[in-house]
Amino acid sequence: MIKHMVSWKLASDDADVRLEQAEKVVAGLRAFVGVVPSIRALHAGVGLGQGSTHWDIGLIVDFDDEAGLEEYQVNPDHKAFGKYIRSVISEQATVDFEF
């Protein structure tokens, strides 16, 4: 199994804008369930913490194998939504690992 984990920090300094953007990102990520067949489990949420060490959005996705992760990465809907995400974030951290 492959676990794909991503965290994002939003660029806006406005708390209301950040919350709106975070909720839009989370909803968009959750919409991939059933669209990308290789997704076995997907969890996405708005971060609860505040401060420099906390991130605004977290994503964890499980796949059977690296081929499933690649299917997700090249999916046209994923690529299109990624453009929106990149337009509102300042930082991204990603790790993929076997478990």
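You'll find the structure just up there.
This report concerns the structure included in the present document. This is a predicted model, so every value here is computed, not measured.

## Side note on the overall build of the chain
Right, on to step 1. Of regular secondary structure, the chain possesses three helices and four strands.
Right, on to step 2. Along its sequence from the N terminus, the chain presents helices and strands in the succession β-α-β-β-α-α-β.
Right, on to step 3. Considered along the principal axes of its C-alpha atoms, the chain spans approximately 40 × 25 × 15 Å.
Right, on to step 4. Buried positions account for 36% of the 99 residues belonging to the chain.
Right, on to step 5. The long-range share in the chain, meaning contacts at least 24 apart out of those at least 6 apart in sequence, stands at 72%.
Right, on to step 6. Averaging the coordinates of the 9 positive side-chain charges in the chain and doing the same for the 16 negative ones gives two points 3 Å apart.

## Thoughts on a nonpolar patch on the surface
Right, on to step 1. Together, Met1, Val95, Phe97 and Phe99 make up an exposed nonpolar region whose accessible area comes to about 350 Å².
Right, on to step 2. By the secondary structure assignment, Val95 is in strand S4 (residues 89-98).
Right, on to step 3. Assessed through its relative accessible area of 40%, Val95 is described here as partly exposed.

## Description of the sheet that holds strand S1 (residues 2-10)
Whether parallel or antiparallel, the strands of a sheet pair through hydrogen bonds between backbone atoms.
Right, on to step 1. In spatial order, the strands read S2-S3-S1-S4; together these four strands make up an open sheet with antiparallel pairing. Looking at the sheet topology across the chains shown, the edges are occupied by strand S2 (39-46) and S4. Taken pair by pair, the neighbouring strands of this sheet meet at an average axis angle of 10°, ignoring direction.
Right, on to step 2. Sheet topology note: the S1/S4 ladder contains nine bridges and is antiparallel. If you follow Trp8 over to S4, its bridge partner there is Gln92.
Right, on to step 3. Relative to the sheet, helix H1 (residues 15-30) contacts S1, S2 and strand S3 (57-63), its axis offset from that of S2 by approximately 170°.
Right, on to step 4. Here helix H3 (residues 76-88) sits on the sheet in contact with S1 and S4, set at roughly 130° to S4.

## Overview of the environment of Glu91
Right, on to step 1. Here Glu91 is to be found in strand S4.
Right, on to step 2. Judged by its relative accessible area of 39%, Glu91 is partly exposed.
Right, on to step 3. Those residues in contact with Glu91 that lie beyond four places of it in its chain are Ser7, Trp8, Lys9 and Trp55.

## Comments concerning the packing of H1 against H3
Right, on to step 1. Running from N to C, H1 and H3 point in directions that differ by 160°, and their axes come no closer than 11 Å. Considering their axes alone, H1 and H3 lie roughly antiparallel with respect to each other. Of the two possible hands of crossing, H1 and H3 adopt the one that is left-handed. Two secondary-structure elements touch here, H1 through Gln21, Lys24, Val25, Gly28 and Leu29 and H3 through Phe81, Tyr84, Ile85 and Val88.
Right, on to step 2. Broken down by class, the residue content of the contact of H1 with H3 amounts to six nonpolar, two polar and one charged.

About the thresholds
- Residues numbered from 1 in each chain as written.
- Predicted model: local features only at pLDDT ≥ 70, side-chain atom pairs only at ≥ 80, totals over all residues.
- Heavy atoms only, no water.
- Helix = DSSP H or I, 4+ residues; strand = E, 2+ residues; numbered from the N terminus.
- Buried < 20%, exposed > 50% of the residue type's maximum accessible area, 1.4 Å probe, protein only.
- Contact = heavy atoms within 4.5 Å.
- Lys, Arg positive; Asp, Glu negative; His and termini not counted.
- Charge placed at Lys NZ, Arg CZ, Asp CG, Glu CD.
- Patch = residues over 30% accessible without salt bridge, like charges linked within 9 Å, V, L, I, M, F, W, Y side chains within 5 Å.
- Areas by Shrake-Rupley, 256 points an atom, 1.4 Å probe, with all protein chains shown as cover.
- Salt bridge = Lys/Arg side-chain N within 4 Å of Asp/Glu carboxyl O.
- Pairing = 2+ DSSP bridges.
- Axes fitted to C-alpha atoms, helices over the stretch in contact; angles between N-to-C directions.
- Parallel < 35°, antiparallel > 145°, perpendicular 65-115°, else oblique.
- Left-handed = near helix turned anticlockwise from the far one by under 90°.
- Nonpolar A, V, L, I, M, F, W, Y, C, P; charged D, E, K, R; others polar.

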